[in-house]
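Overview (structure and organization)
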Amino acid sequence: MIDYNYEEAITFFRSMPHFTPPKTGGAKKEFFSLDAELMLLEKLGRPQDKLKYVHIAGTNGKGSTCAYLASILKEASVVTGAFTSPFLYRYNEMFRVNGMDISDTDFAEVFSQVKPAYDELASEGIFVSEYEFLTVMAFIYFIKMECELVVLEVSMGGRMDTTNVIPSPLVSVITPISYDHMTILGNTLREIAAEKAGIIKPGTVVVSAKQEPEVAEVLTEVCKSFEDMEITYFKDESCNEIDYVEHINSVVPIEFVEPSKIIDRDIHGQKFVVADGKEYFTGMLGTYQIDNAAVAIAAARKLKGLGYPITEENIRNGIVNTKWFGRFTLLSDNPPVILDGGHNRQGAAVLRKSLEEYFPGKKITFILGILADKEVDIILDTLLPIADKCYTVAVPNPRTMPPEKLAGMIRHRGVNAEELSNDMTLATIKEKAEVVCMAGSLYLISSIT
């Protein structure tokens, strides 16, 4: 086996597309098929079957909910792996155990374990994508670290996401579902919800944020669909000879978590109460974060019911100690500078609500970078009514909206806008601003901080 170093591993990933396989002639992998990833896992001994999971899907709030839950489990002394995406600065951020990023040495070691199996498949014309490779690495790393539980965040969708190769998770979590990735997931909320609900499997329990009625209906229907289900197992790959048939007659239970109620908030944190009357404090800002916390608390209580040693004190301390950079993060005061990754219509709506809540009556100076395949018009129509001026930047991603085009769209809506020039600093922008907000894409964060 070749031992690759960290730099070689990173160079390999930077040459790959995120979700689709390399554009190599004769590649057998189809867009969003999990077949190639499953073949890779088979060659490696199906490591995904050796771990226990909480699987988290949704449109917004997945990362924050993962962070809250992982923090609670850390307080409970449960060795917890967390696989989240995208990363902000380094690939290592995607792999965490008890809050610590994977080391460069471990990253290279795990990469070296997976690469030979990848090469075998590639020699047959079968290629996995970057995110599939990384997901496989996560399973192997979490086994190496003897994780007792893995908090697994869906990257895109659910049904055909690279993480959806796992057995039934202990708890399936669905954060708020809205419009996003519509060219892939569907044009209606029902279609998008059906894709997100693809992570739900027999034997799990579901915890969901409060959803739009049509989304709640889809989730409930999926949970009920296991009530009278028959699964046929075959003896060999030819699928001609039946081994045995398993009958499943169990509705998957689902809990819709009521939104939290705010008690007090300021620029340094917020106190809130969940449905059963218990009070908590989080240093995470943003009006939506207390609802993400409530979902994580409900998931933690499900895990407690399954035997994990989670106390109320663990939950309380876990919420207090959670940090998740780039989600309505206060970078500095005087004037306040907020960093937020809001990148779709729901993200823009909750960002505006938070800005209005924390800075009532103040005009916001935005630094915006948005991917061209997002609902740019809706995002702008949501944010610009509270804008004083906008500076536009390119997102470090091939899908970026050109800054000059974005500035033109903003000016067309009657708001002063210009491209952020190389000689313009944040300090210069702050001199004439009441509040500065940098937003539009999680990919933007690494380039402006």
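Residues numbered from 1 in each chain as written. Predicted model: local features only at pLDDT ≥ 70, side-chain atom pairs only at ≥ 80, totals over all residues. Heavy atoms only, no water.

Structural notes on the overall build of the protein
The cut-off we apply is this: The way it works is that DSSP assigns letters per residue, a run of H or I at least four long becomes a helix, a run of E at least two long becomes a strand, and they are numbered from the N terminus. Type-normalised accessible area, obtained with a 1.4 Å probe on protein chains alone, sets the label of each residue: buried when under 20%, exposed when over 50%, and partly exposed for intermediate values. Any two residues whose heavy atoms approach within 4.5 Å are treated as being in contact.
The helix and strand tally for the protein stands at 15 helices and 19 strands. Within the protein, the proportion of its 449 residues that are buried is 54%. Taking as baseline every contact in the protein between residues at least 6 positions apart, the subset at least 24 positions apart corresponds to 73%.

Let's talk about the sheet that holds strand 12 (residues 269-273)
This is how the line gets drawn: Here the rule is simple: two strands pair whenever DSSP picks up at least two bridges between them. To obtain each axis, a line is fitted to C-alpha atoms, and for helices this fit is confined to the stretch in contact; angles are then taken between N-to-C directions over 0 to 180 degrees.
Strand order across the open sheet formed by 3 strands is 11-12-13, with antiparallel pairing between neighbours. This sheet does not close on itself; its edge strands, each paired only once, are strand 11 (261-266) and strand 13 (279-282). Going across the sheet, the axis of each strand differs from the next one's by a mean of 15 degrees, ignoring polarity. Here strand 11 runs beside strand 12; their pairing, made up of 5 bridges, is antiparallel. If you follow Arg265 over to strand 12, its bridge partner there is Gln270. Along the sheet, helix 9 (residues 289-305) makes contact with strand 11, strand 12 and strand 13, crossing strand 12 at roughly 55 degrees.

Observations concerning the pattern of salt bridges
Counted only if it meets this: Salt bridges are defined as contacts in which a side-chain nitrogen from Lys or Arg sits within 4 Å of a carboxyl oxygen from Asp or Glu.
For the structure shown, the criterion picks out 23 salt bridges. The partner of Arg90 in a salt bridge is Asp104, with the nearest N and O atoms 2.8 Å apart. Separated by 14 residues along the polypeptide, Arg90 in the loop between strand 2 (80-83) and strand 3 (95-97) and Asp104 in helix 4 (residues 104-123) bring together distant segments of the chain. In this structure Arg90 comes out as partly exposed when scored by relative accessible area, which is 37%. Overall, Asp104 belongs to the partly exposed group, its relative accessible area being 30%. Connected through shared salt-bridge partners, Asp276, Lys278, Arg301, Glu312 and Arg316 make up one network.

With respect to the packing of helix 4 against helix 5 (residues 130-144)
The following threshold applies: Oblique is the label for any angle not covered by the other classes, which are roughly parallel (under 35 degrees), roughly antiparallel (over 145) and roughly perpendicular (65 to 115). Crossing handedness follows the turn of the near helix against the far one: under a right angle anticlockwise gives a left-handed crossing, and clockwise gives a right-handed one.
Between helix 4 and helix 5, the least distance of the axes is 9 Å, while the angle of their chain directions is 125 degrees. In terms of their interaxial angle, helix 4 and helix 5 are classed as oblique. Crossing of helix 4 against helix 5: the hand is right-handed. Between helix 4 and helix 5, the contacting residues are Asp106, Phe107, Glu109, Val110, Phe111, Gln113, Val114, Lys115 and Tyr118 on the first element and Phe133, Leu134, Val136, Met137, Ile140, Tyr141 and Lys144 on the second.

Overview of helix 11 (residues 345-358)
Where we set the bar: For a helix, the expected span equals 1.5 Å multiplied by the number of residues minus one. Here the arc refers to the directions that run from the helix axis out to each C-beta atom.
Taking 1.5 Å of rise per residue, the 14 residues of helix 11 would be expected to cover 20 Å, and the 20 Å separating its terminal C-alpha atoms lies within 8% of that figure. Residues of helix 11 that are buried: Gly347, Ala348, Leu351, Ser354, Leu355 and Tyr358. Down the axis of helix 11, the sector holding all buried residues measures 130 degrees, keeping them to one side. Looking at the packing, one finds that the buried side of helix 11 touches strand 11, strand 12, strand 16 (364-368), helix 12 (376-383) and strand 19 (435-439).

Describing the packing of helix 12 against helix 13 (residues 403-412)
For any two helices packed against each other, the geometry comes down to the angle between their axes and how far apart the axes lie. Quick reminder of the rule: By the convention adopted, Pro, Cys, Tyr, Trp, Phe, Met, Ile, Leu, Val and Ala count as nonpolar, Lys, Arg, Asp and Glu as charged, and the other residues, Gly among them, as polar.
Where helix 12 contacts helix 13, the axes come no closer than 11 Å and their chain directions differ by 50 degrees. The angle between the axes of helix 12 and helix 13 places the two elements in the oblique class. Our pair here, helix 12 against helix 13, has a crossing hand that is right-handed. On helix 13, the residues that touch Val376, Asp377 and Leu380 of helix 12 are Leu406, Met409 and Ile410. Considering only residue class, the contact of helix 12 with helix 13 consists of 5 nonpolar, no polar and 1 charged.

Examining the packing of aromatic side chains
Centre distance and the angle of the planes are the two values used to describe a pair of aromatic rings. Using the following cut-off: Two rings belonging to Phe, Tyr or Trp (six-membered ring only in the last case) form a pair when the distance between their centres is within 6.5 Å. Interplanar angles under 30 degrees mark stacking, angles over 60 mark edge-to-face geometry, and anything in between is tilted. Two conditions define a charge located above a ring, namely a distance within 6 Å from the ring centre to NZ of Lys or CZ of Arg, and an angle within 35 degrees of the ring normal.
For the structure shown, the criterion picks out 20 aromatic pairs. Measuring from centroid to centroid gives 5.3 Å for Phe111 and Phe133, while their planes differ by 25 degrees, and the two rings are stacked. Here the residue Phe111 occupies a position in helix 4, and Phe133 occupies one in helix 5, the gap between them amounting to 22 residues. Residue classification places Phe133 among the buried residues on the basis of a relative accessible area of 0%. Taking the centre distance of 6.4 Å and the plane angle of 45 degrees together, the rings of Tyr358 and Phe359 count as tilted. Both residues of the pair, Tyr358 and Phe359, count as buried. Counting every residue linked through ring pairs, the aromatic cluster contains Tyr4, Tyr6, Phe12, Phe13, Phe83, Phe87, Tyr91, Phe95, Phe107, Phe111, Tyr118 and Phe133. Over the ring of Tyr280 we find Arg316, and its NZ or CZ is 4.9 Å from the ring centre.

Structural notes on the sheet that holds strand 16
The sheet built from 6 strands is open, its strands ordered 14-15-19-16-17-18 with mixed pairing. A single partner strand is all that each edge strand has here, and the edge strands are strand 14 (329-332) and strand 18 (416-419). Between one strand axis and the next, the sheet turns through 25 degrees on average, direction left out of account. Relative to strand 18, strand 17 (residues 387-392) runs parallel, the two being bridged by 4 bridges. Along strand 18, the bridge assignment pairs Cys390 with Ala417. Sitting on the sheet, helix 13 touches strand 16, strand 17 and strand 18, and the angle it makes with strand 18 is about 175 degrees.

Some remarks on unusual backbone geometry
Along the chain, Ser85 connects to Pro86 via a cis peptide bond; the corresponding omega equals -5 degrees. In this fold, Pro86 is placed in the loop between strand 2 and strand 3. Cis geometry marks the peptide bond from Asn334 to Pro335, where omega comes out at -5 degrees. Mapped onto the fold, Pro335 is located in the loop between strand 14 and strand 15 (337-339).

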